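# Analysis of the macromolecular model
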There are 2 protein chains.
Amino acid sequence: MNESLVIEVKQDILEGNDRAADEFRRQRKEENMFLMDVMGSPGAGKTSFLLALIDQLCKDPGIRIGVIEADLESDVDARKIKEAGIPSVELNTRGICHVEMGMMQKAYAAFAGMEFDWLFLENIGNLVCPADFDTGCHSRIMLLSVPEGWDKVCKYPPMFAVVDALIVTKCDYLPLNPDFDMNALREHARVLNPQLEIFETSARTGEGFDKVAAWLKSRKDSWNE
Amino acid sequence: MNESLVIEVKQDILEGNDRAADEFRRQRKEENMFLMDVMGSPGAGKTSFLLALIDQLCKDPGIRIGVIEADLESDVDARKIKEAGIPSVELNTRGICHVEMGMMQKAYAAFAGMEFDWLFLENIGNLVCPADFDTGCHSRIMLLSVPEGWDKVCKYPPMFAVVDALIVTKCDYLPLNPDFDMNALREHARVLNPQLEIFETSARTGEGFDKVAAWLKSRKDSWNE
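As the structure is a prediction and not an experimental result, all values here were calculated from the model. (Residues numbered from 1 in each chain as written. Chains lettered and ligands numbered in written order. Predicted model: local features only at pLDDT ≥ 70, side-chain atom pairs only at ≥ 80, totals over all residues. Heavy atoms only, no water.)

## Considerations on the overall build of chain A
Of regular secondary structure, chain A possesses 8 helices and 7 strands. Expected size for 225 residues packed as a compact globule is a radius of gyration near 17 Å; at 17 Å, chain A falls within 12% of this value. Burial status across chain A gives 56% buried among its 225 residues. Entry remark: accessible area of chain A is about 9600 Å², with carbon and sulfur atoms responsible for 49%. (Helix = DSSP H or I, 4+ residues; strand = E, 2+ residues; numbered from the N terminus. Rg over C-alpha atoms; globule rule 2.2 N^0.38 Å. Buried < 20%, exposed > 50% of the residue type's maximum accessible area, 1.4 Å probe, protein only. Areas by Shrake-Rupley, 256 points an atom, 1.4 Å probe, with all protein chains shown as cover.)

Below, the structure written as structure tokens:
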């Protein structure tokens, strides 16, 4: 087993993936469709975050939103999104730990030409591997829940380094987690990623979603400036 | 880029890893050293679980315990273990999402011949990839914390299928999580893995650690039967 072969294979996969992602991103921008990749650990609250954020975005009448729900197996999350009346496509990776462009293109094609203002990808619950794979989105964000602990920024730096925004979720748990040091999290995250936006949210109380939605809209508005 | 090449490369890596793992496991058993691989998401509570379990095991006088602390980066967990006075080795994977035998052998060698009754590997926080890689341990367990949600058993089945025991952690959070359906978790997990042992624990209250320690000791005692 030749180790350099393994490295070359990974390099080829990533480069091919990056080229396809750039082209996909360009096409969606031409259609004025903003794509966002939502990443985070299992149980960070990705589906609840999306439901609350979509609620907020839908205050603008006529807004069209779709969701791609990636999972190793099962339709648990896809069902929650469908029950909320949001057009969605289920992307089962059959055990693969991240989403690549081939999967993304197939999932997008399954919408059969539907037009959206916003299209969200709920990525596989994994704080490691998805950081390496460009999914052709215009923005990547990550969720970190209060019960996971602030020190994850020290232990999983690659993810914090590649995203545009860090969403701290389940902030209603803060009184129960006196060790969760929000200032230390902010400081460490900004060292890894000086441009990082940081939002504190709770899907239970609704805290912070107005700010996340406003930031997201400003990202899309900048296309027309 | 030839897809079958990628698959063959992965197959070669896994087969080579499995052979090395079998040999490593055999050698440690000859030394009467029981190795346990502890897996779970970021923030599932692996380090707190280990500290509470080791406390319990140390009630038997003269017991010798070591820990290998795997992380992408940082010495956050390794420091906590060291501060508790437990011999430990820090295994930094530099961004790799799982532990393989090559890393395990190097980490073990760093103990420079120290002898243990129990050696624990705290694996990378990842509910997906470590399931694929045998680390040469005699038992593999996984942690699932209450705040993550019971439905992770539907979404990440490979991990639940490969372990000997499922440790539900942070059970002191149950009153705050009325949606956490312990019966549904037990039922779904046993469908994937009929032999699975399931323990409910809280490192805060100490709940369940006597049972986990007793189970662990019975596993090692069975070597001498």
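## Examining the pattern of salt bridges
Residue and element names in this part refer to chain A. Taken as a whole, this structure holds 32 salt bridges over all chains when the rule is applied. The partner of Asp22 in a salt bridge is Arg25, with the nearest N and O atoms 2.5 Å apart. Here Arg25 and Asp22 lie together in helix H1 (residues 3-30), a separation of 3 residues that amounts to about one turn. You can call Asp22 partly exposed: its relative accessible area is 45%. (Salt bridge = Lys/Arg side-chain N within 4 Å of Asp/Glu carboxyl O.)

## Remarks on the nonpolar core
Within the largest apolar cluster, 96 residues are counted, with the highest numbers of intra-cluster contacts made by Leu166(A), Val168(A), Leu185(A), Leu166(B), Val168(B) and Leu185(B). The residues contacting Leu185(A), other than those within four sequence positions of it, are Leu144(A), Trp150(A), Val153(A), Phe160(A), Leu166(A), Val168(A) and Phe180(A). (Core = buried A, V, L, I, M, F, W, Y, C linked by side-chain atoms within 4.5 Å. Contact = heavy atoms within 4.5 Å.)

## A word on the interface of chain B and chain A
Listed per partner, the contact involves 38 residues of chain B and 38 residues of chain A. At the boundary of chain B with chain A, total buried surface from both sides reaches about 3000 Å², with 66% on carbon and sulfur atoms. The largest contributions to the chain B side of the interface with chain A come from Pro42(B), Leu72(B) and Lys155(B), which together make up 18% of the buried area. On inspection of chain B and its partner chain A, the count reaches 4 salt bridges. A salt bridge links Asp151(B) to Lys80(A); the nearest nitrogen and oxygen atoms lie 3.7 Å apart. For the pair chain B and chain A, the number of links is 10 residue pairs in polar contact (both at pLDDT 80 or more). For the side of chain B that touches chain A, the secondary-structure elements that each account for two or more residues are helix H1 (3-30), helix H3 (76-83), strand S4 (118-125), helix H5 (152-155) and helix H6 (157-162) of chain B. Element by element, the count of residues in the side of chain B that touches chain A is highest for H1(B), at 5 residues. (Buried area = accessible area lost by both parts, 1.4 Å probe. Polar contact = N/O pair within 3.5 Å; in protein donor to acceptor, adjacent residues only side chain to side chain.)

## Section: the sheet that holds strand S5 (residues 139-145) of chain A
All names here are of chain A. One open sheet accounts for 7 strands, arranged S3-S2-S4-S1-S5-S6-S7; its pairing is parallel. Sheet topology places strand S3 (88-92) and strand S7 (197-200) at the edges, where each strand pairs with a single neighbour. Strand-to-strand twist in this sheet, taken as the mean axis angle between neighbours without regard to direction, amounts to 20°. Across 4 bridges, the pairing between strand S6 (residues 165-169) and S7 is parallel. (Pairing = 2+ DSSP bridges. Axes fitted to C-alpha atoms, helices over the stretch in contact; angles between N-to-C directions.)

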